[in-house]
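Per-entry structural report
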Amino acid sequence: MIRYIQESRLEELFRILSRRGPLYLPLAEGPSLSFRPWSEGAPVDLKTVNSTVSAKEIFLPREEAYFCYRRAGRELALEPLEQEAANAVAFGLRACDLRGLEMLDRVFKDQDPPDGLYLRRREQTAIVALACAEPAPYCFCSLFGIDPARAGGADLQAWWHGEGLCLKALTAAGEELLSSAGELLHEGPAGAEEPPRVETGNFGLKLEGLPAGLRERFDDPVWEELYRSCLGCGACTYICPTCYCFDLEDFGHQEKGERYRCWDSCMFREFTLMAGGHNPRPTRKERVRNRFLHKLQYYPERYGEIACTGCGRCLRSCPVDLNIVQVIRALGGESR
Amino acid sequence: MAQDNLNRDQATARIRAAVTQDLLSGRISLLLGWQKGLFWWRSRPLFARSQQDLERLVWDSFCAVNLSRYLPEELSIEERVGILVKGCDARAFHRLLQDRMLDRERVLLYGLPCPGMLDYRLLAEAGVKEAEQMLEEGEELVIQTGGGEERRPRTDFLLEKCRLCPHPDPVVYDQLLLPPGEPWMDPASRFQDLEARERPTPAERYAYWSGELQRCLSCYACRQVCPACSCRECFAEQQEPRWLGKGAGLNENMLFHIIRVYHGAGRCIECGECQRACPVGIPLLELSRRLAKDIEELYGPYEAGMDPEAPPPLLTYRPEDPAAFPEK
Amino acid sequence: MSEALKGKGADNGGTAAGVGGSRSSGSGNGAWQPLIVAFCCNWCSYAGGDLAGTSRLSYPANVRVIRVTCSSRVNPLHVMRAFQRGADGVLIAGCHPGDCHYTSGNYHARRRFSIFARLLEHAGLEPERFQVRWISSSEGDRFAEVMQEMTETIKALGPNERWVDPRWLKIT
């Protein structure tokens, strides 16, 4: 059954949902848009496609401390730190965000043993997907078989209709979210049983045309050209929904402190710098090649799917306009 | 901005003709320029080594990337590099020259008076979605939207870094390929907007900057794109001592930006690439400009990157200097 | 130099014994006491402190002196680190202009820290929290006065909240 809420009453819905725990919504921060815990009066933007930083940070935060250490004499005590993710709701994720989560799931969740930090956040967070009414010029998720109006893996699908949002539960958790909203929701309007179908462009790329035989092209001269304009910043990796590299660091002094996990980027020199001073990826050429081969070859070899969702963030944000579309084209993945 | 009545295609053709000759004759082995990016509103760096490469060369209203940043590395590979320089690229060149990051003799500079580069965000807000909806007529932009035709001053749509630029014409070049233009910002009044944005109390200033900097991703795009960031090892990555962790804490974000800006004090050419590069839109240029303004107030007029012989104010002193603190 | 300011090792900090603890302990009666870090040039200001001591002048115990070779040796990162680790005020003290042991160190320091002070102000620090003073080796009385004055100013302002690392407070 489709439920409906007026746009003017969304604030009330957020109030109810945030009682369960943190409610993540795309919030405007200057010209940027990121998923952040909602609080009264926060600048929610559920129209812009799509958030500047991907929704991965809800599940893989920029920084999370996970144990603290304490030393007394020769004794070292380790104490796990509690996470705050209990009963969270992530609201407004796009279909590409959810595809990105699938990619992260394979790495962190569907492993034996799974990653405890990720698993907990994932299991305790209900997801409300929001259909894209109109794709941005950067979007090319249709190339990867994503329907921007229908997200896989969400608990609830939402879409704009008239002056409000239609809501359709996809799981029991989704039903529960709807029933918690009670009288705020009305019966959905007639003729709005499904979100309207949306298609993005694909920059002339075709999935079958995507680079094959990359194994043999490790030393291809094309990398020599591609890396040159790269500045070596980590913007693309931090906004990307499928980049998941992290680092572990300690903060504290000899007697007491904590260990935390934080984002890291394969675009940085220090990422592969070893203690003895050797660096297996010494220049930007090796680092650029690694990043894109990871998306186009290593990840697909291991998990069967190209690690790109067509969200277009690297197209929008790279300061020198070096992006995955350009790389796929240069590798000959353009359909003619 | 009168471009000799050349339209951009003609200007591009003229530039291409000039550099093609030098590249084919072996006078330069590489030409740094711009080519069209994925979208009509973006142009990306071009590293041209052949006539075929040069066919992709463009000179349009989106060539915002400061190319000089690439010179030190390219010169470590190439014998002699040609580079197209706008006002900010030229000042960046001086910055690098003064920092002894490159060899003047091995660079050939082709000067391009810059009309200021356009900001897609502002164009989109005005309803421009396709290139065809926008026509540049001298200092005006003719915009076609559903509502009809609108003529607006071109300066309304400039990137902030360009709107504030007092030196759009290159200050150094070996050849000027297009006729000089008319600047739209007087160097003496270039800090006027800062006074209008004065935040009177420390609490307001802290609230503003912590609000802006808390979203910093630590991607270091601002540093990587900066022609004044020339340390071989940045303090942010130094291991011994370790100044900065990789965490996302506000205090570390602010420490990074305060020190980054300070390292550019008196050396920053105000090209605003930091701000343009920031993926989350932090107004980084403001802090650097406030510092440049303070330096002028305390130690006299100085614009970095104008004259490579004039020592940066923080690398020199006069015994009679004033101080920003009580000296008695 | 204090361990905590060296920032040595993977722990980002050194031992807990350095800077810090201004919030937890204080003077014993539970009242908040400011913590002030004073970087003193070896040749003038530190000697001025020595003179204050041998002259039996007293100044508040809130000040922790760190001896440096010259006022121009101080790196703005030292100042930032002090604030991160709980300093409520930071002072840099050097020779009077013209008296630098290295001829021109303090002239450079004057420009650098004038600009750095402005930068901290732009970023939202109360200007009183970061100060620079010239104190010669014969000015034991001035040393004591400067320390007294700075302590009182900071006491009136209250604890510093800018750039304090919340993780540090948890473990000190």
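Residues numbered from 1 in each chain as written. Chains lettered and ligands numbered in written order. Predicted model: local features only at pLDDT ≥ 70, side-chain atom pairs only at ≥ 80, totals over all residues. Heavy atoms only, no water.

Thoughts on the overall build of chain A
Where we set the bar: For the purposes of this entry, the term helix denotes a DSSP run of H or I that reaches at least four residues, the term strand denotes a run of E that reaches at least two, and both are numbered from the N terminus. With the radius of gyration taken over C-alpha atoms, the globule rule is written as 2.2 Å times the number of residues to the power 0.38. Between two residues, a contact is recorded if the distance between any of their heavy atoms is within 4.5 Å. Only the protein chains shown count as cover for residues, with accessible areas throughout obtained via the Shrake-Rupley method and a probe of 1.4 Å. Positive charges come from Lys and Arg alone, negative charges from Asp and Glu alone, with His and the N- and C-terminal ends not counted. Here the site of a charge means atom NZ of a Lys, CZ of an Arg, CG of an Asp or CD of a Glu.
For chain A, the count of helices and strands is ten helices and twelve strands. In terms of overall size, chain A behaves like a compact globule, its C-alpha atoms giving a radius of gyration of 22 Å where 336 residues would be expected to give roughly 20 Å. Expressed along its principal axes, the backbone C-alpha trace of chain A runs to roughly 70 × 65 × 40 Å. Long-range contacts, defined here as pairs at least 24 residues apart, represent 72% of the contacts in chain A between residues at least 6 apart. In the structure as shown, chain A presents an accessible area of about 14,100 Å², 50% of it carried by carbon and sulfur atoms. Seen as two clouds, the 42 positive and the 49 negative side-chain charges of chain A have centres 4 Å apart.

Looking at the sheet that holds strand β2 (residues 23-29) of chain A
Paired through their backbone hydrogen bonds, the strands of a sheet run either parallel or antiparallel. Residue and element names in this part refer to chain A. Going by this rule: For two strands to be treated as a pair, DSSP must find at least two bridges joining them. Angles run from 0 to 180 degrees between N-to-C directions of axes, and those axes are lines fitted to C-alpha atoms, restricted for helices to the stretch in contact.
Reading across from one edge, β3-β2-β6-β7-β8-β9-β1-β10 is the order of the eight strands in this open sheet, with mixed pairing throughout. Of all strands in the sheet, those bounded by a partner on one side alone are β3 (32-37) and β10 (186-187). Of the strand pairs in this sheet, β2 and β3 are connected by six bridges, and their pairing is antiparallel. If you follow Leu 27 over to β3, its bridge partner there is Ser 34. Sheet strands touched by helix α3 (residues 95-109): β3, β6 (88-93) and β7 (125-130). Its angle to β6, the strand with the most contacts, is close to 125°.

Some words on the nonpolar core
To keep it simple, the criterion reads: Only buried residues count toward a nonpolar core. Its members are Ala, Val, Leu, Ile, Met, Phe, Trp, Tyr and Cys residues joined through side-chain atoms within 4.5 Å. Using a 1.4 Å probe on the protein chains alone, a residue whose accessible area is under 20% of its type maximum counts as buried, one over 50% counts as exposed, and one in between counts as partly exposed.
Among the nonpolar cores identified, the biggest contains 193 residues, and A:Leu93, A:Leu315, B:Leu84, C:Phe116, C:Leu120, C:Phe130 and C:Trp163 are the most heavily contacted of them. If sequence neighbours within four positions are ignored, C:Leu120 has contacts with B:Ile258, C:Val79, C:Met80, C:Phe83, C:Leu125, C:Phe130 and C:Trp163. Counting 28 residues, the second-largest nonpolar core is a separate cluster that includes A:Leu13, A:Ile16, A:Leu25 and A:Leu130.

Here's the deal with helix α5 (residues 140-157) of chain C
Residue and element names in this part refer to chain C. Which entries qualify depends on this criterion: One less than the number of residues in a helix, times 1.5 Å, gives the span that helix is expected to have.
Over its 18 residues, α5 runs 26 Å from end to end, which matches the ideal 26 Å to within 8%, given 1.5 Å per residue. Taken residue by residue, α5 has Gly 140, Arg 142, Phe 143, Ala 144, Val 146, Met 147, Met 150, Thr 151 and Ile 154 as its buried positions. As for α5, its buried residues are in contact with β1 (36-41), α2 (45-54), β2 (63-68), β3 (89-94) and β4 (130-134). In the segment just after α5, Gly 158 is the residue with positive phi, at about 90°.

Observations regarding the interface of chain B and chain A
Rule in force here: When two parts are put together, the accessible area they lose, computed with a 1.4 Å probe and summed over both, is reported as buried area. Salt bridge, as used here, is a side-chain nitrogen of Lys or Arg placed within 4 Å of a carboxyl oxygen of Asp or Glu. Residue polarity follows a fixed list, in which Ala, Val, Leu, Ile, Met, Phe, Trp, Tyr, Cys and Pro are nonpolar, Asp, Glu, Lys and Arg are charged, and the others, Gly among them, are polar.
Opposite the 41 residues of chain B that make contact, chain A presents 45 residues. Summing the contributions of chain B and of chain A, the shared interface buries around 3,500 Å²; its carbon and sulfur component is 53%. Where chain B meets chain A, there are eight salt bridges. For A:Asp247, the salt bridge goes to B:Lys246, with nearest N and O atoms at 2.6 Å. Secondary-structure elements contributing two or more residues to the side of chain B that touches chain A are β2 (43-48), α3 (71-75), α9 (221-224) and α11 (273-277) of chain B. Examining the composition of the side of chain B that touches chain A, we find that three residues originate from one element, β2(B), more than from any other. When its residues are assigned to classes, the side of chain B that touches chain A shows 19 nonpolar, eight polar and 14 charged.

What about the packing of helix α8 (residues 202-213) of chain B against helix α10 (residues 250-263) of chain B?
Residues and elements named next belong to chain B. Formally: Angular relationships are summarised with four words: roughly parallel below 35 degrees, roughly antiparallel beyond 145, roughly perpendicular across 65 to 115, and oblique for the angles in between.
Relative to each other, α8 and α10 sit at 100°, their axes nearing to 9 Å. Of the possible angle classes, the one that applies to α8 and α10 is roughly perpendicular. Facing Tyr 206, Trp 209, Ser 210 and Leu 213 of α8, the residues of α10 in contact are Leu 250, Asn 253, Met 254 and His 257. Grouping the constituent residues of the contact of α8 with α10 by class yields five nonpolar, three polar and no charged.

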